[in-house]
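Inside the fold
The chain contents come next:
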Amino acid sequence: MKTIRVRFAPSPTGMLHIGGLRTALFNWLWARKNGGQFILRIEDTDRERTVKGAVENIIEALEWYGLSIDEGPIFQSERKALYTQYVDRLLGQGSAYRCFCTAERLAEVRKIHEVNNKATKYDGLCRSLSEEEVQKKVNAGEPYVVRLKVPHDGVTSFDDHIYGKVSVENSNVDDQVLLKSDGFPTYHLANVVDDHEMKISHVIRAEEWLPSTPKHILLYKAFGWDLPDFAHIPMVLGPDKAKLSKRHGAKPALEYRDAGYLAEAVINFIALLGWNPKTEQEFFSLNELIREFDLKKINKASAVFNIEKLNWMNSRYINQESSGSAEKLADRINTFFAGADGSEKYSKKEIMKILPAAASRMTTLADFEEEARYITDMSIRYDPSLLIPKKGDKGESMRALESAQALLESVAEQEFTQKHLEGAFTGLIAQEHFTNNTMLWPVRVALTKRAQSPGVFEYLEILGKEESIRRVKSALQSLQKK
RNA sequence: GCCGCCUUCGUCUAGUGGCUAGGACGUCGCCCUCUCACGGCGGAAACACGGGUCCGAUUCCCGUAGGCGGUACCA
């Protein structure tokens, strides 16, 4: 069996976004599953579109999401000599030709074809240039590109791992430009040459490449090379059902990190976009994904990226971690809020204290801020009428707060725990003829300063005796004034 | 325009020549309850359309429509 070697080959034209990340993920999974190599290749043959910092962003993103790179990054822009060498070979054997047509003429040809309801491909004018004519133009310094000489008849077909047999008539395949007039190769040439040179076994890329695969196959044939396996994966669409792209507001993959999503959750979620294990399992660790992943289980239809489900999944991951390994979650929150200079916004100790009450209410790590606010920020103001439950009245709430204050004052510091306080309050409610509602509501609001919050007993323990009493007292005062 | 690919609840999807077409998110209702969240239970919600083939098609074939992608000296 041949060695599995796959590559993720983005062009550095911007930040890596979710669609690209998923392509990388599927490649990476296939490599890991088969004990192969995952190679990063940067397709930077278009010097104008290359964006500074894009490569760094791509690498940082792959790293953060846990997709380790075995080889690379390899930059196509540094391999120019290799491509020209291969172009010369094609030229020499008559599989390609020089084309001197200007951009203006090309546009004209395209327009004419379009109005005649014909495919808008190059008309092949320069294909019939004699050697002397070519030589003369070259000597005269006329700029030219090199095009692939695509056969006029026949059919090119291939067997895609996901889409099955795909066939295109050669008459519909354009004489693709292989080498641009600036001497740089186009994607098509560089891609084929590199995949061959780098011994890529599986070309796993987005479905948008399906239509140009015949061109690539014709190139492989012209070189006399063996074909790699092709697996085109369905596209990830935005909510508008259009290809995910910067234009359509596709967020860079790392923005999910910055918004407080967990790498595992995002990976889990995007893995399920176009792939599924054929079971009803929906939570997968990276290792489980490696085990279950199979090119055969990828479907053909494109998938819409639905943030709602990601949100749900992320909150589930947070919840799960808070009960399983809270320390780890606390570390994450700690780093998430840490300043660029490493300064701490919330200490781990502080986080651990708040977390039990907060976790189930958080969708992203960023939500911790809101949970912590009501504990750390002493200056929060609220409407005292909030202290009165819907069906209650002012007098009853004041009586409740007074009783609660007395109770809290009587509880020893070391007994100020959720469990003990719950018992104590239950007794108090029965004894003083309160109900859970008339007692617990005002106390909870006194402590948390908001209508919606975690439970009273959780909060009491978090705040501690002194602060709890202080808040109950101040709530009483504000009710009195009202 | 031309070429290619695709089509099961709003979204991600399972599935079979004969099923009450399954799960998940979201949504709605109920329960839990000091409120919110979590959790539990339940509901509404889909086989694009038209022809075939077949005893029988959501499933197979052909069309149509729709969607998406490609159609660059971008990738």
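For clarity, every value in this text was computed on a predicted model and none was experimentally measured.

1. A word on the overall build of chain A
- Looking only at helices and strands, one finds 18 helices and 12 strands in chain A.
- Relative to its length of 482 residues, chain A is extended, with a C-alpha radius of gyration of 32 Å against a globular reference of 23 Å.
- Across its three principal directions, the C-alpha atoms of chain A cover 110 × 50 × 45 Å.
- Total accessible area on chain A is roughly 23400 Å²; 49% of this is exposed by carbon and sulfur atoms.
- For chain A, the centre of its 66 positive side-chain charges and the centre of its 67 negative side-chain charges are spaced 2 Å apart.

2. Observations concerning the sheet that holds strand E5 (residues 145-148)
- With antiparallel pairing, the three strands of this open sheet are ordered in space as E4-E5-E8. Unpaired on one side and paired on the other, strand E4 (96-99) and strand E8 (177-179) mark the two borders of the sheet. Here the average twist between neighbouring strands, direction ignored, is 45°.
- Strand direction decides the pairing type here: E4 and E5, joined by four bridges, are antiparallel. Among the inter-strand pairings, cysteine 99 is bridged to a residue of E5, identified as valine 145.
- The strands touched by helix H3 (residues 80-92) within the sheet are E4, E5 and E8, with E4 carrying the most contacts at an inclination of about 105°.

3. Here we look at the protein's contact with RNA strand B
- What surrounds RNA strand B is a group of 64 residues, the closest being Gly274, Ser360, Arg361, Asn436 and Ser453.
- When atoms of RNA strand B within 4 Å of the protein are sorted by moiety, sugar and phosphate together comprise 73%.
- Take serine 453: an N or O atom from its main chain is 2.5 Å from a base nitrogen of RNA strand B.
- Sorting the residues of the surface near RNA strand B by element identifies E5, strand E12 (303-304), helix H11 (307-324), helix H17 (436-448) and helix H18 (456-481) as the ones contributing at least two each.
- Its residues placed into classes, the surface near RNA strand B shows 24 nonpolar, 20 polar and 20 charged.

4. Remarks on the packing of aromatic side chains
- Per the stated rule, a full pass over the model turns up 22 aromatic pairs.
- Taking 5.7 Å as the distance between ring centres and 65° as the angle between the ring planes, the aromatic pair formed by phenylalanine 158 and phenylalanine 230 counts as edge-to-face. In this pair, phenylalanine 158 is assigned in strand E6 (residues 155-160) and phenylalanine 230 in strand E10 (residues 229-233), connecting sequence segments 72 residues apart. Grouping residues by exposure puts phenylalanine 158 and phenylalanine 230 together as buried.
- Ring geometry for tyrosine 220 versus tryptophan 225: centroids 6.4 Å apart, planes at 70°, classification edge-to-face.
- By relative accessible area, tyrosine 220 is classed as buried at 2%.
- Taken together, the ring pairs connect Phe26, Trp30, Trp275, Phe284 and Phe293 into an aromatic cluster.
- Above the ring of phenylalanine 434, the side-chain terminus of arginine 399 is found at 4.0 Å from the ring centroid.

5. Quick notes on unusual backbone geometry
- Here the amide bond leading from glycine 72 into proline 73 is cis, since omega sits at 5°, within 30 degrees of zero.
- Relative to the assigned elements, proline 73 resides in strand E3 (residues 71-75).
- In this model, lysine 278 sits at a positive phi of 70°, which is unusual for a non-glycine residue.
- Here lysine 278 shows up in the loop between helix H9 (263-271) and helix H10 (286-292).
- Phi is positive for histidine 433, close to 60°, though the residue is something other than glycine.

6. With respect to the pairing of strand E1 (residues 5-8)
- In E1, alternate side chains face the same way, and those of Arg5 and Arg7 on one face and Val6 and Phe8 on the other are all buried.
- Where E1 lies against strand E2 (residues 37-42), four bridges are found, and the strand directions are parallel. Looking at E2, one finds that valine 6 is bridged to phenylalanine 38.
- This β-α-β element, E1 to helix H1 (residues 18-33) to E2, shows right-handed connectivity.

7. Examining the confidence of the model for chain A
- Confidence in the prediction for chain A averages 93 pLDDT; 98% of positions are at 70 or higher.
- For this predicted complex, the interface confidence reaches an ipTM of 0.94, while the overall pTM sits at 0.93.

8. Remarks on the packing of helix H16 (residues 418-431) against H18
- For the pair H16 and H18, the least separation of the axes is 9 Å and the interaxial angle reads 125°. The orientation of H16 relative to H18 falls into the category oblique. Between H16 and H18 lies a crossing of right-handed hand. Only Phe457, Glu458, Leu460 and Glu461 of H18 make contact with H16, whose side of the interface consists of Gln418, Leu421, Glu422 and Phe425.

Calculation notes
- Residues numbered from 1 in each chain as written.
- Chains lettered and ligands numbered in written order.
- Predicted model: local features only at pLDDT ≥ 70, side-chain atom pairs only at ≥ 80, totals over all residues.
- Heavy atoms only, no water.
- Helix = DSSP H or I, 4+ residues; strand = E, 2+ residues; numbered from the N terminus.
- Rg over C-alpha atoms; globule rule 2.2 N^0.38 Å.
- Areas by Shrake-Rupley, 256 points an atom, 1.4 Å probe, with all protein chains shown as cover.
- Lys, Arg positive; Asp, Glu negative; His and termini not counted.
- Charge placed at Lys NZ, Arg CZ, Asp CG, Glu CD.
- Pairing = 2+ DSSP bridges.
- Axes fitted to C-alpha atoms, helices over the stretch in contact; angles between N-to-C directions.
- Contact = heavy atoms within 4.5 Å.
- Near = heavy atom within 4 Å.
- Polar contact = N/O pair within 3.5 Å; in protein donor to acceptor, adjacent residues only side chain to side chain.
- Nonpolar A, V, L, I, M, F, W, Y, C, P; charged D, E, K, R; others polar.
- Phe/Tyr/Trp six-rings, centres within 6.5 Å; stacked < 30°, edge-to-face > 60°.
- Buried < 20%, exposed > 50% of the residue type's maximum accessible area, 1.4 Å probe, protein only.
- Lys NZ or Arg CZ within 6 Å of the ring centre and 35° of its normal.
- Right-handed = clockwise from strand over helix to strand, strands pointing away.
- pLDDT = per-residue confidence, 0-100.
- Parallel < 35°, antiparallel > 145°, perpendicular 65-115°, else oblique.
- Left-handed = near helix turned anticlockwise from the far one by under 90°.

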